[in-house]
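Listed below are the residues making up each chain.
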Amino acid sequence: MDTESTHSGYSSRSGRSNRHGDRSRERHKASSSKDSSRSERSVIINPPDTPSQESPVHNGEPLPGEPTPSVDQGDDAQDDNWGETTTAVTGTSELSISQEEVVGLGKEVQDRTQGFRRYLPLAVGSVVGLLMLLTPLAFVLLPAVLWPDRLEACGAACEGLFLSISFKLLILLVAVWALFLRPSRARLPRVCVYRAFLITLTLLLTMSYWLFFGVRILDPQDEDYHGIVQFAVSLVDSQLFIHYLAVVLLELRHIKPCYSVCVIRSTDGETRHYNIGQLSIQKAALTILEYYYRDFPLHNPALLSASKHRAAKHLAGLKVYNVDATAGSTAGAQPGNGNPSRAMVTASAKRKDSAHNELYYEEADYERRVRKRRARLVVAVEEAFTHVRRMKKEDERATPSDIMDVREAALAVFPSMARALQKYLRTTRRQHCHSMESIQKHLAFCLINNMSPKAFLETYLSPGPTLQYGPERWMADQWTLVSEASVTSGLKDGSEFLLRCLDFNLAVTVKSIPYIRVTEEFIDPKSHKFLLLLQSETSV
């Protein structure tokens, strides 16, 4: 069967039957197919807490070409065990679609939309760039192709302009490749305002030159070929100036720091401060995410479960008994009026007074266990590296066929430290950050480069930045920018926005760097001189 579905709902006549209680309830419509080719049957089962439940019925409308018989039924005919006695009739439909197919269809449409939004600016920029580079060549070649007999001879000055336009176009091509044809670092929600402005300005300049070329050169078929080539050179010069403007707006404008941003991770409160320049909100969000992957330690949800478990333990460990209850009442029931009893208030106060002691001893015990596991790990790693160095000295005296490869040596000494390393990572709740394969690769890397045991342990003793681990450990591959202001607007003093991912958020607050005034104070060099007068009577 393609799809079997059971739907629940209310009868379309339940409202009328509720308003007129003296009228008898009408039975819901049930339709049966006479055509053997039709096999779809959709059934509605009413829930038990509604006054219009009597029996399973078809959807409120009958199937085309089928009778709709109805029989009256009283209110007392309702079966109390309706959930056990009701039968839902289902069938196979040739036009049915499963939930997985619906989700897949929506995902395909979303992927196509995202791909279109990703490649549309690139396609528009490529078309405008080709038009910009081919237009000067068209200005030079079209007169020579359309009316070559009427053109004046091109002298030495005209041929020099050919050389100039060739090198300028080559420089412009390399500059456009270096500035615009770089691989994108991310996909932003909106189009960059400065890029859109530069593309519009380039397109407007090119169309203006084409219009002038068509009216003043193509129409009258101008014979001054030197002036035509000089006209093309002026277009290339204008394009070079536009590229200089692009460098200023896209690369140089945001270099000077203007704002100080505070980035706070919502789960553990990890905070960093950065200085950035004049950027839009979406560009600032991209810069902050690059800093985040470089500077912030890896987000570890396992470290947050301890505080939640402690709070739940405090709440679950509180029990209150009603000592004033009668003999027939439940011993553990709370007072019926719903107000907290004196015993609950006293118990919660004692719990609150002793909570800091429990937290203190819990953290002290955790630190003691971490130091113990760390000491065992350090000893195990040092013994393993000492064994590898001893084997390396023995291999120098052995025959070439008996020499062990470095990777084989790493696999051989790894079991001696694996248990201590596993216990340490479990104690610090970072076992999900390191796989056995990555540990073995890191061990082989340290042995190949002749690193010390401390260099090998540094990766596991202290949590590193997010980029140190693989992308599968980041747990955040898609970010959502939440901002009250438009994401294309520039940063301002007091601006706030949120970067949201699956497990946590990054709250960003913007403060402008204050204006600093530095004054100068001149100190006379003569003010440092002094005179020492000595009396002859003194021993000096």
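As the structure is a prediction and not an experimental result, all values here were calculated from the model.

Student: Just checking my understanding: could you explain the environment of Phe504 for this structure?
Tutor: In this structure, Phe504 sits in the loop between β6 (496-500) and β7 (505-512). Residues within four places of Phe504 in sequence aside, it is in contact with Arg265, Ser266, Thr267, Tyr292, His299, Trp479 and Leu499.

Student: Even after reading the chapter, I still don't get the sheet that holds strand β4 (residues 271-276), so can you show me in this structure?
Tutor: The strands making up a sheet are joined through hydrogen bonds of the backbone, oriented either antiparallel or parallel. Reading across from one edge, β4-β3-β7-β6-β5 is the order of the five strands in this open sheet, with antiparallel pairing throughout. Unpaired on one side and paired on the other, β4 and β5 (480-483) mark the two borders of the sheet. The mean angle between the axes of side-by-side strands here comes to 25°, regardless of whether they run parallel or antiparallel. The sheet contact formed by strand β3 (residues 259-265) and β4 spans six bridges and is antiparallel. From the neighbouring strand, Val263 faces β4, where its bridge partner is Arg272. Across the face of the sheet, helix α7 (residues 281-295) comes into contact with β3, β4, β5, β6 and β7 while running at roughly 130° to β4.

Student: I keep staring at the nonpolar core and nothing clicks. Help me out?
Tutor: As a rule of thumb, nonpolar side chains are buried together in soluble globular proteins. Core analysis: the largest hydrophobic core is formed by 24 residues, its most contacted members being Leu377, Val381, Phe385, Met417, Ile439, Leu443 and Phe456. Contributions of two or more residues to this core are made by α9 (342-397), α10 (406-427), α11 (436-448) and α12 (453-461). It is α10 that provides the largest number of residues to this core, a total of eight residues. Filtering out sequence-adjacent residues up to four positions away, Leu443 remains in contact with Phe385, Ala410, Val413, Phe414, Met417 and Phe456. Ranked by size, the runner-up nonpolar core spans 23 residues in total, among them Ile288, Trp479, Leu499 and Phe504.

Student: Please explain the side chain of Gln239 as it appears in this structure.
Tutor: Within the element layout of this structure, Gln239 appears in helix α6 (residues 225-252). For Gln239, a relative accessible area of 2% corresponds to the buried category. Ignoring sequence-local partners within four residues, the contact set of Gln239 consists of Met132, Pro136, Leu172 and Leu205.

Student: Teacher, can you tell me more about helix α5 (residues 193-218) here?
Tutor: Residues that lie three or four places apart on an α-helix share one face, since the helix turns once every 3.6 residues. Helix length check: α5, at 26 residues, gives a terminal C-alpha distance of 36 Å against a target of 38 Å (1.5 Å per residue), a fit within 8%. Restricting attention to buried positions, one finds in α5 the residues Leu198, Thr202, Leu205, Thr206, Tyr209, Phe213 and Ile217.

Student: For this particular structure, what's the right way to read the state of the cysteines?
Tutor: Put plainly, two cysteines are in a disulfide when a covalent bond ties their sulfur atoms together. All chains considered together, the criterion is met by one disulfide. The disulfide that involves Cys154 links it to Cys158, with 2.1 Å between the sulfurs. Disulfide Cys154 to Cys158: torsion about the S-S bond roughly -110°, handedness left-handed. With relative accessibility at 2%, the residue Cys158 sits in the buried group.

Thresholds applied
- Residues numbered from 1 in each chain as written.
- Predicted model: local features only at pLDDT ≥ 70, side-chain atom pairs only at ≥ 80, totals over all residues.
- Heavy atoms only, no water.
- Helix = DSSP H or I, 4+ residues; strand = E, 2+ residues; numbered from the N terminus.
- Contact = heavy atoms within 4.5 Å.
- Pairing = 2+ DSSP bridges.
- Axes fitted to C-alpha atoms, helices over the stretch in contact; angles between N-to-C directions.
- Core = buried A, V, L, I, M, F, W, Y, C linked by side-chain atoms within 4.5 Å.
- Buried < 20%, exposed > 50% of the residue type's maximum accessible area, 1.4 Å probe, protein only.
- Expected span 1.5 Å × (residues − 1).
- Disulfide = S-S within 2.5 Å.

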